[in-house]
Amino acid sequence: MAVADDRHAGCDGCGRAVPLEELTVVTMPDGEHVACCPRCEPHAREAARKCSSLDQRRGTCDGCTETVLEVELEDIVLNDGTVVSCCPACVAKAPDNDSEATATRADADTTAEPTDGSDSDTDDEETLCTQCNEWVRAELFHVTTIDDRTERLCPTCKDSAEDDGIIKDVEIRKTKAREVLGVEPGATDEEIRTAFHTQIKRAHPDQQSGSRSAFQLVRDAYERLTEAT
């Protein structure tokens, strides 16, 4: 346990400095004692039960660009000497030559987040929660924590994080954004823009049907559906 100052210390899981009174000591199977913040304590106890790793620090996969546990990232060397850090799924798909590497990266760029108004966060496919590391069908919440980390959380983990008071901002989900603007999945940019102009007029505070909160909700919905990432 790294001591940050007289009243704070580093969590052995995520490395964040937290007040000493918030740390909980968990005994691992090898007898090692680790000090955890409230967020990492459940992971530590689960890691102790499964005899796995406590480390909850996260990094970005150079292949699919998803955020995963750092302990799951593996460095691989491409034929041109480039070293990339990849998640297990991307390691299994690692290219054998430079042309395949280019194709793989291009495929990741075009499939990770469509730009025609549709999106990959739908109820029809599974997505990985960066907190519980489970695949779920529900669209993930894009959240910003109080220590300015960006996470993609399933509904259960998002509710838990809110209860713990560690969420600073929650971005509107695309399913909700489509409901606000009244557009269908797969709507084109032009359809989204037209719907936005219609709804923003109705939501304007000067209109009897509008309010500041409704006006901002429509703006947030439009920005969510037209953002590049």
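To be clear, the structure that these remarks concern was listed above.
Residues numbered from 1 in each chain as written. Predicted model: local features only at pLDDT ≥ 70, side-chain atom pairs only at ≥ 80, totals over all residues. Heavy atoms only, no water.

1. Describing the pairing of strand 11 (residues 141-145)
In terms of burial, strand 11 is a largely internal element, four of the five residues being buried. Bridge analysis of strand 11 against strand 12 (residues 150-153) gives four bridges, and the strand direction is antiparallel. Each residue of the ladder has a partner; that of His142, found in strand 12, is Arg152. Hairpin remark: strand 11 followed by strand 12, antiparallel, with four residues in the connecting loop; positive phi at Asp148, about 65°. (Buried < 20%, exposed > 50% of the residue type's maximum accessible area, 1.4 Å probe, protein only. Helix = DSSP H or I, 4+ residues; strand = E, 2+ residues; numbered from the N terminus. Pairing = 2+ DSSP bridges.)

2. Brief notes about the pattern of salt bridges
The final tally for this structure, using the stated rule, is nine salt bridges. Of the charged contacts in the structure, one is a salt bridge between Lys158 and Glu162, with a shortest N-O distance of 3.3 Å. Here Lys158 pairs with Glu162, and both are found in helix 4 (residues 155-164), just four residues apart, close to one helical turn. Across the pair Arg193 and Glu190 runs a salt bridge whose closest N-O atoms are separated by 2.7 Å. (Salt bridge = Lys/Arg side-chain N within 4 Å of Asp/Glu carboxyl O.)

3. Observations concerning the side chain of Lys158
Given the relative accessible area of 14%, Lys158 is considered buried. Setting aside residues up to four positions removed in sequence, Lys158 forms contacts with Phe141, Val143, Leu153, Ile167 and Val170. (Contact = heavy atoms within 4.5 Å.)

4. Remarks on helix 7 (residues 212-226)
Note that an α-helix has 3.6 residues per turn; residues three or four places apart therefore point the same way. Compared with an ideal rise of 1.5 Å per residue, which puts 15 residues at 21 Å, helix 7 spans 21 Å between its outermost C-alpha atoms and is within 8% of the ideal. Every buried residue of helix 7 is accounted for by Val218, Ala221, Tyr222, Arg224 and Leu225. End-on, the buried residues of helix 7 take up no more than an arc of 165°, which puts them together on one face. Opposite the buried face of helix 7, at more than 90 degrees from it, the exposed residues are Arg212 and Ser213. Looking at the buried residues of helix 7, the elements they touch are strand 11, helix 5 (174-181) and helix 6 (189-203). (Expected span 1.5 Å × (residues − 1). Arc of directions from axis to C-beta.)

5. A word on the nonpolar core
Counting residues in hydrophobic clusters, the biggest one holds 15 residues, and the most contacted among them are Leu181 and Val218. Where this core is concerned, the elements lending two or more residues are helix 5, helix 6 and helix 7. A total of five residues in this core trace back to one element, the largest contributor, which is helix 6. Leave out the neighbours within four places in its chain, and Leu181 touches Ile192, Ala195, Phe196, Gln199, Val218, Ala221, Tyr222 and Leu225. Within the second largest apolar cluster, 13 residues are counted, among which are Ala9, Cys11, Leu23 and Cys40. (Core = buried A, V, L, I, M, F, W, Y, C linked by side-chain atoms within 4.5 Å.)

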